[in-house]
Amino acid sequence: MSTAVFKHRADQQAEDNGHTKNYLNAGFSAKSWLLTVDHKRIAILYLISITTMFLLGGIFALVIRLELLTPAGDMLQSETYNKMFTMHGVVMVFFFLIPATPAVFGNFLLPLMIGAKDLAFPRLNLLSWYVFTFGALLGVTAIVFGGVDTGWTFYTPYSSTYANSNVILAALGAFFAGFASILTGLNFIVTIHKMRAPGLTWFRMPLFVWAHYATSIIQVLGTPVVAITIILVALERLFKIGIFDPALGGDPILFQHLFWFYSHPAVYIMILPAMGVISEVICCFARKKIFGYNFIAFSSLAIAMFGFLVWGHHMYTSGQSVYASLVFSVLTFLVAIPSAIKTFNWTATLYKGSISYDAPMIYAIGFLGLFTIGGLTGVFLATLAVDVHVHDTYFVVAHFHYIMVGGAIMGYMAAMHFWWPKITGRLYPEGWARFSALVIFIGFNLTFFPQFIVGYLGMPRRYHAYPEEFQIWNVLSTAGATILGVGYAIPVVYFIWSLRYGAKASANPWKAKGLEWEKADSPPIAHNFEETPVVTEEAYAYEPKRG
């Protein structure tokens, strides 16, 4: 009887949506979701997992800002504060920022964008979600049983020898999340090489696909390095092997080299997919072909390549040779060039475009402004004389968050709003979406711009007590963090609301170009397309504005 009821509901939902069964109503049981090999359902599983991690990391951030509201460390003890900023960093970096756009939107959209029925290795894709979830659970377990206090960078020899917190558990969580990242990157590379639709040449691919291709290269080549490094830390903690501890004949600076060799390219794992999102959104809402397609495509590959050559700019104050620092400084200036190319080309695409300010476009424009500030302050930090002054101050914290929150998360939010009708078949309330984008933009700048000032004035990061003359800047930051938290809460409410009450979306509500919009339903059927699409035109073939 229950099976018949579920079948009736599925058929009714399909009828209500105006088309045949889609990937959402192909089965309602927990088994049909937990054992699915449909890339779209796996993307939804990832969305649920990383949203949970984002909320957890956000709670830690708000606690940190509340502590810094007053100069005295009067809410948290120093050890507890150390755990708070460590767990905020670990959760946000390893369990949200790195997997967010590739695991959710890469998984959902790549096959649709290239005309494939699924990723190359569907079971490997499902495995990646289970591996990621296991890693996230290890991280949460470390938090529940006392936390970890080493900082999200796990610097040795403190992490490998002296810390009394759950270092191994948290590090293993990051290890498994990294392993999931490798599986995802491998799957994307093979899919892009082998499963493109007829007529979809390399230079007809959406720039979203190019961005994920470059990201996948970093995931596959860089992540094993940090995985090995984490294992070495665990071995030293467990067996007192002298790898990083000077007392045992080790070298703590070796850890920094290994960690940053991965972790600077990891910045591009976080930001490159968001850049791909921005290319799609700007073209759609400016109704124009992208300016300089080839330059943007190759700049993604250039960012991936140069990203492996600049890790030493994190180590100017570590005692490394001044000549090595000079080389890393020059290379860091060079890595800014491909990002500048993208920003210039996006701006040129907007020029004389027929621009409509829907929510995805507002997030994209916010991305342009905030990422530009983050990039320019990164050039300051690449300069030896400036970095020595502001190293390990709130100037670095502000720069990092302008890239990661102002860039990666703004891109993620643009993607959520742009592709939500495709994912769910429902429209969200546009007015609330625009309002939330404005609240997030104001809250973000109020949170992090004062940190540039207080950092330049000399306030070090990771301190829970500070001189009274810095309080005004911290009050502004805490007020901004409160506004930012509200801004992120609003979309959670209206997205959930839209699942039941939102207006039904057409197959292409934005009148956008691309196979996912022009050839697939909203939401798509289980195998994406009724028949394999054939590509006959260039990417972003929008009609030019007349008059």
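Residues numbered from 1 in each chain as written. Predicted model: local features only at pLDDT ≥ 70, side-chain atom pairs only at ≥ 80, totals over all residues. Heavy atoms only, no water.

> Quick question: what am I supposed to make of the overall build of the protein here?
Across its full length, the protein carries 18 helices and zero strands. In terms of overall size, the protein behaves like a compact globule, its C-alpha atoms giving a radius of gyration of 23 Å where 547 residues would be expected to give roughly 24 Å. Viewed in the frame of its principal axes, the protein has a C-alpha envelope of about 70 × 60 × 45 Å. The burial tally for the protein puts 56% of its 547 residues in the buried class. In the protein, once contacts between residues fewer than 6 apart in sequence are set aside, the share between residues at least 24 apart is 81%. Surface summary for the protein: the accessible area is close to 22,000 Å², and the carbon and sulfur share equals 70%. Of the charged side chains in the protein, 32 are positive and 27 negative, and the gap between their average positions amounts to 10 Å. (Helix = DSSP H or I, 4+ residues; strand = E, 2+ residues; numbered from the N terminus. Rg over C-alpha atoms; globule rule 2.2 N^0.38 Å. Buried < 20%, exposed > 50% of the residue type's maximum accessible area, 1.4 Å probe, protein only. Contact = heavy atoms within 4.5 Å. Areas by Shrake-Rupley, 256 points an atom, 1.4 Å probe, with all protein chains shown as cover. Lys, Arg positive; Asp, Glu negative; His and termini not counted. Charge placed at Lys NZ, Arg CZ, Asp CG, Glu CD.)

> When you look at the packing of aromatic side chains in this model, what are you seeing that I'm missing?
By convention here, two paired aromatic rings are described through the distance between centres and the angle between planes. Going through the model one piece at a time under the given rule, you end up with 48 aromatic pairs. Judged by centre distance (6.3 Å) and plane angle (25°), the ring pair of F418 and W510 falls under stacked. Here F418 is found in helix α15 (residues 394-424), whereas its partner W510 is found in the loop between α17 (471-501) and α18 (515-518), with 92 residues between them in sequence. Across the pair, W510 and F418 agree in class, each one buried. Ring centres of Y494 and F495 lie 5.1 Å apart, and the angle between their planes is 65°; on these two criteria the pair is classed as edge-to-face. Per residue, the accessibility class of Y494 equals that of F495, and both read buried. Each member of the aromatic cluster is reached from another via a ring pair, and the members are F54, F96, F105, F208, F285, Y412, F418, W419, Y488, W510 and W517. Stacked on the ring of W33, the Lys or Arg R41 has its end atom at 4.0 Å from the ring centre. (Phe/Tyr/Trp six-rings, centres within 6.5 Å; stacked < 30°, edge-to-face > 60°. Lys NZ or Arg CZ within 6 Å of the ring centre and 35° of its normal.)

> So what exactly am I meant to see when it comes to the layout of surface pockets here?
To locate leftover empty space, one rolls a probe as large as a water molecule over the atoms. As a volume, the second largest pocket reaches approximately 990 Å³. Lining the second largest pocket are 39 residues, with H264, H313, H314, L381 and H399 sitting closest to its centre. Where the lining of the second largest pocket is concerned, the elements lending two or more residues are α10 (252-286), α12 (322-350), α13 (359-382) and α15. Top element by residues in the lining of the second largest pocket is α13. It accounts for nine residues. (1 Å grid on protein atoms, 1.4 Å probe; cavity = no way out; pocket = protein on both sides within 12 Å on 5 of 7 lines; lining within 4 Å. Points joined across faces, edges and corners; volume = space filled by probe spheres on them.)

> What is the right way to read the side chain of S181 from this model?
Tracing the sequence through the fold places S181 in helix α8 (residues 167-194). Of note is the side chain of S181, whose polar atom sits 3.1 Å from the side chain of Q219. Residue contacts for S181: discarding those within four places in its chain leaves I98, Q219 and T223. (Polar contact = N/O pair within 3.5 Å; in protein donor to acceptor, adjacent residues only side chain to side chain.)

> I tried to follow the pattern of salt bridges on my own but got confused; where do I start?
Counted by the stated rule, this structure contains six salt bridges. Across the pair R434 and D358 runs a salt bridge whose closest N-O atoms are separated by 3.6 Å. On the criterion of sequence distance, the pair formed by R434 in helix α16 (residues 430-456) and D358 in the loop between α12 and α13 is long-range, its members being 76 residues apart. We classify R434 as partly exposed; its relative accessible area is 37%. Taking the relative accessible area as the measure of exposure, D358 reaches 16% and is therefore buried. Several salt bridges share partner residues, and in doing so they unite D358, E430 and R434 into one network. (Salt bridge = Lys/Arg side-chain N within 4 Å of Asp/Glu carboxyl O.)

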